[in-house]
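Coordinate inspection notes
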Amino acid sequence: LSSRASAILSALDIPTNQEVPGVYDGTWGGTGDILESVCPTTGEVLARVQSASPQELQTALDKTREAYEIIRSVPAPRRGELLRQIREALAAKRDELGALVSLEMGKIRTEGIGEVQEFVDIADYAVGLSRMMNGRVVASERPGHSILEIPNPLGVVGVLSAFNFPVAVYGWNLALSLAAGNATIWKPSNTTPLCSVAVTKIIANVLESNGLPGAVAGLVTGGRDVGEAVVESSSVDMVSFTGSENVGRQVGKVVQARFGKVLLELGGNNAAIVMPDADLELAVPAVFFGAVGTAGQRCTSTRRLYLHRSIAPEFLSRLQALYASLRPGDPLESSTLLGPVHSRAAVGIYSSAVNRLRNAGAEILCGGSAFSETDLVGELQGGNFVRPTIAVPKSVDVKDEIWKTETFAPILTVGVFDKLEEAIAWNNGVPQGLSSSLWTRDVRNVGKWIGPAGSDCGIVNVNVGTSGAEIGAAFGGNKSTGWGRESGGDAWKQYVRWSACTVNFSDEAPLAQGVNFTP
Ligand code: UN1
């Protein structure tokens, strides 16, 4: 193992040069298939992770259920105290974990650390929430009666997370789920197992030192079969899935068929709209970050750019100047803005999307090809680097593949409009509905954009890019994005089972609606 990698793994107590146990249910194990964790920057194999066998998965599910029966009776503010300790433990390893995210996922250092910060933030939020997950008392129509709405714990929450946010998305789920009194079983992406092992170790330490079963926050690494088993298991009360629309559609069907609860965070095909009165000093860098940050691999990445005709040439020339400054680099170097895409497969997805644009007659303003080995120096030659691309198709037809498909790569597709209404129709005309962004200084445009005839996305920003949401508001999207909400806002309400309790304190037992049933 390179010294670069082994320093990062050692700092997080992950064994180097031997197989890494990838299953935790109170004890560590893993006798299933071996998952190779491959560094997207160099191609180096970072570790061989022992995933869950079918038998181990079953045991982990059983132990998670037992752990639920313990954690559900721990008072919510005590669960908040656990979250406070988890928050402290994560913050103490912020840089180390952030570096592991960069190493294994490929995002640049500041974003890797930012992702750990997102977990710290949601843990803070959940500490407060643990004293505020209030139900209510509803007025009864019957004398001497009270109606209580009580948020009780739900059970076992299965979290299936994607490679692109290997820490934060689990964090959003774990924090709310634990505050609500649930046990969680995590099936991370099979290409980022080390991040999940490192995070689980930190949380397990806190649970164990508080005398609680580690299976309150269990981990089962593995491939598709492990994910399917979690989704199909009737002992998983809610499945929270982040990933593609295709897999999400399957997950939704399977969980619905067994009447489980499901929370879906699927594709984004996010647009930024720039009006003639926008402050380009702000808008150009924001679009640059939205489209190129994380090498275009956020659900919230800016994929479509709709420019008003009057500012389009100036906007594009300023944006191209920023693109021209990009150099591929090691995401662990602080000067790097462009890291690799996560996998070889992602390079293929990028290349076919660029070809599709070319075949449709789009003008490629910059980028347009993956970096070949000869373009790269030293150990980066083994990495998955692609050139961020700006493409201008001949016209905008949001029913066309080139506009309506999410490509998880740094490709920005540009269209020119004359009227805001036209741009809003384009924004809304695709199947996905995650994030959207309007750039304007005219309050009348803002009113249109955030109102009933405005953006139909879950995230509707003004003078703020499509990506990089804070944890305080509910995060999620509509339509084929799956309608799920995670993180802040009212998202916690999905992690509980609501009990409507009518209690009679009186000496009479009247029926509702004045019904008389006396013989
Ligand atoms: C994702 O891409 O799956 O808003 C999550 C953002 C981040 C989270 C993205 N806070 O870009």
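Residues numbered from 1 in each chain as written. Predicted model: local features only at pLDDT ≥ 70, side-chain atom pairs only at ≥ 80, totals over all residues.

If you check an unreviewed UniProt entry, the chain appears there as aldehyde dehydrogenase (NAD(+)) from Cristinia sonorae.

It is worth spelling out the UniProt feature "domain: Aldehyde dehydrogenase" (unreviewed entry) in the chain at this point. UniProt tags residues 35–498 as "domain: Aldehyde dehydrogenase" (unreviewed entry). Secondary structure over residues 35–498 splits into 39% helix and 20% strand, and the C-alpha atoms at its two ends are 39 Å apart. (UniProt positions renumbered as here; feature names shortened; annotations may be inferred. Helix = DSSP H or I, 4+ residues; strand = E, 2+ residues; numbered from the N terminus.)

We now examine the sheet that holds strand 14 (residues 302–308). With mixed pairing, the seven strands of this open sheet are ordered in space as 15-16-17-14-13-19-20. With partners counted over all chains shown, the strands left at the sheet margins are strand 15 (363–366) and strand 20 (459–462), one partner each. Pairs of neighbouring strands in the sheet enclose a mean axial angle of 20°, with direction left out of account. Sheet topology places strand 16 (residues 389–392) next to strand 17 (residues 411–417); three bridges connect them, and they run parallel. Across the sheet, residue Ile 390 finds its bridge partner in strand 17, namely Leu 412. (Pairing = 2+ DSSP bridges. Axes fitted to C-alpha atoms, helices over the stretch in contact; angles between N-to-C directions.)

A few words on unusual backbone geometry. In this model, Asn 463 sits at a positive phi of 55°, which is unusual for a non-glycine residue. You can see Asn 463 is positioned in the loop between strand 20 and strand 21 (474–475). Backbone geometry at Gln 513 places phi at a positive 60°, although glycine is not the residue there. For Gln 513, a count of 7 C-beta atoms within 10 Å puts it in the exposed group. (Buried ≥ 20, exposed ≤ 12 C-beta atoms within 10 Å, placed from the backbone.)

It is worth spelling out the packing of helix 3 (residues 76–92) against helix 6 (residues 168–179) at this point. Packing of helix 3 against helix 6 leaves a shortest axis separation of 8 Å and a crossing angle of 150°. By the angle between their axes, helix 3 is roughly antiparallel relative to helix 6. Residue-level inspection shows Ala 76, Arg 79, Gly 80, Leu 82 and Leu 83 of helix 3 in contact with helix 6, the latter providing Ala 175, Leu 178 and Ala 179. For the contact of helix 3 with helix 6, the per-class residue count stands at six nonpolar, one polar and one charged. (Parallel < 35°, antiparallel > 145°, perpendicular 65-115°, else oblique. Contact = placed C-beta atoms within 7 Å. Nonpolar A, V, L, I, M, F, W, Y, C, P; charged D, E, K, R; others polar.)

In the vicinity of the ligand, the residues found are Glu 118, Asn 164, Phe 165, Val 169, Thr 242, Arg 298, Cys 299, Thr 300, Ser 467, Gly 468 and Ala 469. Taken together, the residues of the shell around the ligand break down into four nonpolar, five polar and two charged. (Near = placed C-beta within 6 Å.)

This paragraph deals with the environment of Ala 139. Inspection of the secondary structure puts Ala 139 in strand 6 (residues 136–139). Placed 97 residues apart in sequence, Ala 139 and Thr 42 show a C-alpha to C-alpha distance of 64 Å.

For helix 12 (residues 344–359), which comprises 16 residues, the first-to-last C-alpha distance of 23 Å matches the rise-based estimate of 22 Å (1.5 Å per residue) to within 8%. Regarding helix 12, the residues found buried are Ala 346, Val 347, Tyr 350, Ala 353, Val 354 and Leu 357. Considered in projection along helix 12, the buried side chains sweep an arc of 130° and stay on one side of the axis. Facing away from the buried side of helix 12, by more than 90 degrees, are the exposed residues Arg 344, Ala 345, Ser 352, Asn 355 and Asn 359. Its buried side turned inward, helix 12 meets strand 16, helix 13 (401–404) and strand 17. One or two residues past the end of helix 12 sits Gly 361, with phi positive at roughly 85°. (Expected span 1.5 Å × (residues − 1). Arc of directions from axis to C-beta.)

As a further point, take the sheet that holds strand 6. Neighbouring strands of a sheet are bound in pairs by backbone hydrogen bonds; such pairs are parallel or else antiparallel. With antiparallel pairing, three strands are arranged side by side in an open sheet as 6-7-24. This sheet does not close on itself; its edge strands, each paired only once, are strand 6 and strand 24 (496–504). Taking the axes of each pair of neighbouring strands and ignoring which way they run, one obtains an average angle of 25° across the sheet.

Moving on: the UniProt feature "active site" (unreviewed entry) in the chain. Mapped onto the present numbering, the UniProt feature "active site" (unreviewed entry) falls on Glu 265. Checked against the element boundaries, Glu 265 lands in strand 12 (residues 261–265). Classification of Glu 265 as buried rests on a count of 29 C-beta atoms within 10 Å. Apart from the residues lying within four places of it in its own chain, the contact partners of Glu 265 are Thr 242, Cys 299, Gly 476, Gly 482, Gly 484 and Glu 486.

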